[in-house]
Amino acid sequence: MPIEDRAILREGLRSPRILLIGPYDPLCGEYTFLAPPLGVWRLAGVLESAGVEVKVFDPNCCAGPPGRALEREILGCPWDVIGVSTTGMTLRFDLELAHLARRLAPRALLVAGGMEATFQPELMFRLGPFDCVVLGEGERPLLELVRRLRSGESLRGVTGTAERAAGGECLRMPQQALGRAELRDAIFRTPYEKMPYSAYWDRLEAAYRVGTLPTKAAREARLAEIRSVRLITLNYCPMGCTFCSSTNFLHEAQGSVASIARLDAEECVEMIQRIVSAHPRVRTVIFQDDIFVFTKDRRILPLCEAIIAAKESGTLPRELQFISTNRIDAMSPERLAAMRQAGFRVLGFGIENFSRNVLREFNKAHIYSHIRPTLTSALELGITPFLDLILSSPRATLADVAETLREAYHWLRQGCEVGMYPYVIPFSGAAMSADPALRAFTVYERREVAGTEIAWDQPSKILPMDPSVRETILRIEHDFEESLLQLQPRAAHLPSRLRSLLWIQSSLQAMAERGLPIADEEEVRSAFAARLPQPKRAAAAPRVATA
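Here's a quick rundown of the structure. (Residues numbered from 1 in each chain as written. Predicted model: local features only at pLDDT ≥ 70, side-chain atom pairs only at ≥ 80, totals over all residues. Heavy atoms only, no water.)

A few words now on the nonpolar core. Core analysis: the largest hydrophobic core is formed by 113 residues, its most contacted members being I272, F344 and I504. Setting aside residues up to four positions removed in sequence, F344 forms contacts with F287, F292, C304, I307, F322, I323, S324, M339 and I383. Core analysis: the next-biggest nonpolar cluster, separate from the first, contains 33 residues, Y24, L123, M124 and A162 among them. (Core = buried A, V, L, I, M, F, W, Y, C linked by side-chain atoms within 4.5 Å. Buried < 20%, exposed > 50% of the residue type's maximum accessible area, 1.4 Å probe, protein only. Contact = heavy atoms within 4.5 Å.)

Shown next, in the form of structure tokens:
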């Protein structure tokens, strides 16, 4: 049905009904956070404040199979707009829900949004039954669609969307990113009181088997991880890492470089207080900004002081803790000490790699000299650094891979936590994904949309150019996956701290055969076994499979 006809169907409509569908991750946290979809809920809050009847459907937290749950939701009342949020990793599952929505609600305006939709609107129209695509932030475009639905105007030509022209080509209508005041208002309208965090916490407690942990201290530590609520205070990270797509998200939607916007210290504290009021059982607030502390940052010290004052006055719980992701070159002893005093117990650092050569390839060479002193200072203060690592890059050597594995193991033993990926994932919108020199080393996987005949080849990994590095990385990945399969009956969920040790364990034989020993095998196995949840009957740690 043409988009113009959908507009005619809605003449005189006073109160449009909008259903927003979050990204669908049937693998339970493999591709998404095990938490309510924050961006979707923010949109719902903004729409609700404009008098719209809006509901969020979270396919990762619903009663019964998501397809059947969505069917009940759509058939329960007539929806005028159905929005589907998409990501690269969940796209085939998101499209499955989009096609189901179209079959069940043929007259609804079906809208795609999110990261993948912004970077590839043409792909959305080719694979999905969408009427239009939102580019970048959805607040302004959806509010304009609501206004036009109420007035009966045409739904074509909305700024901040893409649509198909009569000839089939994709027309983009860029929009400016939200300004600071608009971003603040949108964040403040996020309906935290309606977000089902408790349901997610219950699932995570079962997955982590918290009740079976041997000591109260262990149970409390795990609950502090699980009972967390996310808060975004920044619109985007401007650092321009070559493997990252989110750094370009607003630029793509705007057609030019977007300005940075974020909450100030007072507004952050106000939002934290709202979160605690909405979810009194919360133990940790996670600042989900891609980058929370900048090098020339005038917010972090006043924010820490305000949090400490709020705890002393009783407006925030004294035991409330915080996690954030930060630039490692933005940390100083003064800032680290202030954050520790305020309750920051984990600081994430996107180090990505310990090799200067690879960091240069990632456009992050400037952080190299800051890694060791910052991690040392954080650990001395009792802060746990969480390090995101990519073991290889397109131009990495085996020596680069070995350096990262050795350093990762060193810092794990010192008390850091580590998340690892074996290679660069070619996310749409990232500089590396668009580099023609890397196309020959990009691996594609055939994707299919369940319930349809739609299939396409989606880029899934960028492998190293060097044949020996490529072969070694694939072997490490194979051994890791084999070991993970052996562990499934024993551990329902392996957190990053265990997965990272398993990656190191899986690398030992392959790297040693290349003349690049990483660590003592028995020592690594013992460290892994010590952290592995113990079953009722003791069992030996599985040996790593060989290629």
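With that settled, the discussion passes to helix α14 (residues 333–342). Looking only at α14, the buried set comprises R335, L336, A338, M339 and A342. Taken down its axis, α14 places every buried residue within 165° of arc, on the same side. Seen from the open side of α14, the exposed residues pointing more than 90 degrees away from its buried face are P333, E334 and Q341. Against α13 (300–313), β10 (321–326), β11 (344–352) and α16 (371–380) lie the buried residues of α14. (Helix = DSSP H or I, 4+ residues; strand = E, 2+ residues; numbered from the N terminus. Arc of directions from axis to C-beta.)

A word on the packing of α13 against α14. Running from N to C, α13 and α14 cross one another at 25°; their axes reach a closest spacing of 9 Å. By the angle between their directions, the pair α13 and α14 is classed as roughly parallel. The hand of the α13/α14 crossing is left-handed. Only E334, R335, A338, M339, Q341 and A342 of α14 make contact with α13, whose side of the interface consists of I300, L301, C304, I307, I308 and K311. When the residues that make up the contact of α13 with α14 are grouped by side-chain class, the tally is eight nonpolar, one polar and three charged. (Axes fitted to C-alpha atoms, helices over the stretch in contact; angles between N-to-C directions. Parallel < 35°, antiparallel > 145°, perpendicular 65-115°, else oblique. Left-handed = near helix turned anticlockwise from the far one by under 90°. Nonpolar A, V, L, I, M, F, W, Y, C, P; charged D, E, K, R; others polar.)

Glancing now at the sheet that holds strand β2 (residues 53–57). Ordered by their spatial adjacency, seven strands build an open sheet running β2-β1-β3-β4-β5-β6-β7, and the pairing between neighbours is mixed. Across the chains shown, the open sheet's two edge strands, defined by having one partner strand only, are β2 and β7 (170–173). Between one strand axis and the next, the sheet turns through 20° on average, direction left out of account. Seen against the sheet, helix α3 (residues 66–76) touches β1 (17–21), β2 and β3 (81–86) and runs at an angle of roughly 170° to β2. (Pairing = 2+ DSSP bridges.)

A few words now on the pattern of salt bridges. Pairing is possible between side chains that carry opposite charge, provided their charged atoms lie close to one another. The full count for this structure, using the stated rule, is 29 salt bridges. The partner of D131 in a salt bridge is R102, with the nearest N and O atoms 2.8 Å apart. Pair noted here: D131 is in the loop between α6 (121–127) and β5 (132–134) and R102 is in helix α4 (residues 91–104), with a separation of 29 residues, a long-range link. We classify R102 as buried; its relative accessible area is 15%. With its nearest N and O atoms 3.1 Å apart, the salt bridge here joins E445 to R447. The exposure class of R447 is buried, given its relative accessible area of 14%. (Salt bridge = Lys/Arg side-chain N within 4 Å of Asp/Glu carboxyl O.)

All chains considered together, the criterion is met by ten aromatic pairs. When the centroid spacing of 3.8 Å and the interplanar angle of 5° are considered together, the rings of F480 and W503 count as stacked. In this pair, F480 is assigned in helix α18 (residues 467–487) and W503 in helix α19 (residues 496–513), connecting sequence segments 23 residues apart. Residues F480 and W503 agree in their burial class; the two are buried. Grouped by ring-pair contacts, the aromatic residues F287, F292, F322 and F344 constitute a single cluster. (Phe/Tyr/Trp six-rings, centres within 6.5 Å; stacked < 30°, edge-to-face > 60°.)

Let's shift gears to the packing of α3 against α4. Packing of α3 against α4 brings their axes to within 10 Å, and their N-to-C directions diverge by 35°. Every pair of crossing elements has a handedness; the one defined by α3 and α4 is right-handed. Residues G67, L70, E71, I74 and L75 of α3 form the contact with α4, whose participating residues are L97, L100, A101 and L104. Here the residues of the contact of α3 with α4 are counted per class, giving seven nonpolar, one polar and one charged.

What follows covers the side chain of D80. Mapped onto the elements of the fold, D80 is located in the loop between α3 and β3. Here R17 takes part through its backbone nitrogen, which lies 2.7 Å from a polar atom of the side chain of D80. (Polar contact = N/O pair within 3.5 Å; in protein donor to acceptor, adjacent residues only side chain to side chain.)

For E352, which is not a glycine, the phi torsion comes out positive at approximately 75°. Residue placement: E352 occurs in strand β11. The exposure class of E352 is buried, given its relative accessible area of 9%. At N363, a position not held by glycine, the phi torsion is positive, near 65°. In this structure, N363 sits in the loop between α15 (356–361) and α16.

So, on to the sheet that holds strand β8 (residues 228–231). Pairing is parallel in the open sheet, where six strands are placed in the order β8-β9-β10-β11-β12-β13. Only two strands of the sheet have a single neighbouring strand rather than two, namely β8 and β13 (417–421). Each adjacent strand pair in this sheet contributes to an overall mean axis angle of 20°, direction not counted. Across five bridges, the pairing between β10 and β11 is parallel. Directly across from N326, in β11, lies its bridge partner F349. Sitting on the sheet, α14 touches β10 and β11, and the angle it makes with β11 is about 135°. Of the strands in this sheet, β12 (384–390) and β13 are in contact with α19, which crosses β13 at around 55°.

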